[in-house]
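Listed below, chain by chain, are the residues.
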Amino acid sequence: MKRWKDRAAITLPRAGIIAHDLFMVWLCWIGLHQFRLSIHPFASPLSLWSTEIALILLAQGLVLWRVGLYRGVWRFASVPDLLNILKASLFGLFAILLALFLYNRLDQVPRTVLVLYPIVLTALLGMPRLLYRSWKDYSLNRTDQTSVRVLILGAGQAGEALLRDLRRAGSYQAVGFLDDAAKLHGSHLQGVPVLGRVSDVARIAPETAARLLIIAMPSLDASSMRRIVAACEETGLPFRTVPRLDDLLEGRSLPGELKEVAIEDLLGRKPVTPDWKSIRGWLGGRSVLVTGGGGSIGAELCRQCARHGARQIAIVEMDELALTTIEAQLHRDFPQIQCVPVLGDCGDPAVIRYALSLSAPEAVFHAAAYKQVPVLEAQLREAVRNNVLATETVACATQAAGVATFVLISTDKAVDPVNVLGATKRLAEMVCQAHSDPQSTRFVTVRFGNVLDSAGSVVPLFREQIRSGGPVTVTDPEVTRFFMTIPESCQLILQAAAIGSRHAIYTLDMGEPVSIRLLAEQMIRLAGKHPERDVAIIYTGLRPGEKLHETLFHAEECYRPTAHPKILQAEAREIMQEDVFDATARLREAIGTYDLMTLAQVLRKSVPEFMPQQDNGKQPAATIVAFPARHARRT
């Protein structure tokens, strides 16, 4: 019974629309004949109903149905619907000519009527639809006591689309636009005035009694976004932003969704745009294996591979919950992908051999690692076992299985390391270099800085501290770090793997380093609070193994441009292969006996640039290295 009622509710309005359109066809045909009769009084009058009119209604009605006019909704009628109606009117004219030719050889059908018919019919069918939409928009836009007064920052395409969405929602009233384009000032967009510049928001918001600010400029760079956010903060009003196009395409945001300004939007660097054509050309149809596939980087890497054409993804993960979570996500979002989950430690030779035999991958992404700097300073054995020896285990098994490409995910902390994380990652790079063979697996190393919102990073820590009311703990007021987002870091990994060079180390233009103190203050403001007044910031001093400033480039590595303008390739430093193999053998022996002294000695000897921090004293300011021009060479 309910299904019949639902079907009736859909059929009756559609039947009414069909009746309306056929009436307009009849009115158009009769009206045009009456118009001709008023010009030529001696022309033969047309009766209001005849077999000829029945044929016209049948022919035009079938055309209207076939072009899909009744799949649209009057509520959202627009210019494309008018074009569809014009097309239906023209095709309908041809159908009418054919029907009347077969019926009476077009006897007494005036040419004036035939010429004007599609134009007049388009107006008769289109005007009621547009009037209905205008009436509905006006009804939804009428002010009531519950509607929220909104001031929109940005009068471009995003602002116009946002205005339409707000009107459809019915619970918001747009009171004005702000835009820096002087030519727009004083104009109206869909009846809403452009009141001034974005920098005038602190003055205009109280004048319009706005209760919410919406930033409708998704293509803004970070510096412009910081300027606009600062202007919004002066008003004391809540503010939101529309999602970026990349977020919509990647499924991280929904169309029409308003979101809070995230700290990622305020980073001092434009996101790197990958060469998707080369990535899909290299990745398409391949089977890949990701170690540590349940972690923040590994899981995103799995999603990126699935999104850009991988046929099969094998995941090696020792955390059963993380493995189950990423497997479920891949099955839900990419049902066409074959997912091969393997629970276990990739440092176990049997586990990695089994995973390789099960999936037969053409590329291995080694993302499994321990990465928390203060923790690893006191856990040397596990740092060496997981970051160095597990890397060697996976690299050897990959070579033995004949895999084409092995990608090591490294860190900028491997450049002139001062902590265990950096030293073990540098030694892992050397292990890959030692195993590199022109006739065997291609080894690729990718270095990047801190990843926003990754497990254990500073951003989720600050967010939790702010949510708890503070205090926010910063190690030092002068400390700086390079940052990138999780999706961007994974795109860099895929881009580097697709470039095609043999053993190489790739690094990214990370822009300017970000002050952690300013990062904390900005996050507090984004939470609607004031630093020091609502949430305190305390400085705890640099933790063991931490630098005041990170560096991206090593003095002995030569950097040259690659096919991607934001990625550089470093020439690997010379190493003695036998020394690396001897070091890993001694490390394995020391791991078995938990000999921390030997582990420390071998690590320092193998990585001579490893200079552990003995105290938390001030360090010299970082040397900012300009990113080389596309055709330049830095040594």
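Here the structure is shown first, and the text comes after it.
What counts, and at which threshold
- Throughout this document, residue positions are counted from 1 along each chain, in the order its sequence is written.
- Reporting of local features is limited, given that this is a predicted model, to residues whose pLDDT is at least 70; pairs of side-chain atoms are given and counted only at 80 or more, and all residues count toward the totals for whole chains, interfaces and linings.
- To obtain the side-chain values, all non-hydrogen atoms of the structure were included, while hydrogens and water were left out.
- Counting from the N terminus, the helices are DSSP H or I runs at least four residues long and the strands are E runs at least two residues long.
- Take the residue count of a helix, subtract one, and multiply by 1.5 Å to get its expected span.
- The buried label goes to any residue with under 20% of its type's maximum accessible area, the exposed label to any with over 50%, and the partly exposed label to all in between, with areas taken from a 1.4 Å probe on protein chains only.
- In this context, the arc is that of the directions from the helix axis out to the C-beta atoms.
- Whether two residues are in contact is decided by their heavy atoms: any pair within 4.5 Å suffices.
- Only one rule defines a salt bridge in this text: a Lys or Arg side-chain nitrogen within 4 Å of an Asp or Glu carboxyl oxygen.
- Note: two strands are recorded as paired if DSSP finds a minimum of 2 bridges between them.
- Note on definitions: angles span 0 to 180 degrees between N-to-C directions of axes, and those axes are lines fitted to C-alpha atoms, for helices only across the stretch in contact.

(A) Region of interest: helix α19 (residues 577-593). Its 17 residues place the ends of α19 25 Å apart at the C-alpha level, agreeing with the 24 Å of an ideal helix rising 1.5 Å per residue. Residues of α19 that are buried: Val580, Ala583, Thr584, Leu587, Ala590 and Ile591. Along α19, the residues classed as buried sweep out an arc of 125 degrees about the axis, all on the same side. More than 90 degrees from the buried face of α19, the exposed residues found are Glu578, Glu589, Gly592 and Thr593. Buried residues along α19 sit in contact with α14 (380-400), α15 (420-435) and α20 (596-606). Immediately downstream of α19, the backbone of Tyr594 shows phi near 55 degrees, a positive value.

(B) Focus on α15. Here α15 contains 16 residues, and its C-alpha end-to-end distance of 22 Å stays within 8% of the 22 Å for a straight helix at 1.5 Å per residue. Of all 16 residues that make up α15, 16 are buried, and the element is covered over most of its length.

(C) Structural view of the pattern of salt bridges. Inspection of the entire model under this criterion finds 17 salt bridges. Note that Glu300 and Arg303 form a salt bridge whose closest N and O atoms lie 3.1 Å from each other. Here Arg303 and Glu300 lie together in helix α10 (residues 296-307), a separation of three residues that amounts to about one turn. For Asp345, the salt bridge identified is with Arg385, shortest N-O distance 2.9 Å. Here Asp345 is found in the loop between β9 (338-343) and α12 (349-359), whereas its partner Arg385 is found in helix α14, with 40 residues between them in sequence.

(D) Structural detail: the sheet that holds strand β2 (residues 172-178). The strand order β3-β4-β2-β1-β5-β6 describes an open sheet built from six strands, whose pairing is mixed. Each edge of the open sheet carries a strand with a single partner, namely β3 (188-189) and β6 (239-241). As paired strands, strand β5 (residues 212-215) and β6 are joined by three bridges and run parallel to one another. Of the residues in β6, the one forming a bridge with Leu213 is Phe239. Helix-sheet contacts for helix α6 (residues 201-208) involve β1 (148-153), β2, β4 (192-196) and β5, and the interaxial angle to β1 is about 155 degrees. Packed onto the sheet, helix α7 (residues 222-235) meets β1, β5 and β6 and runs at close to 175 degrees relative to β5.

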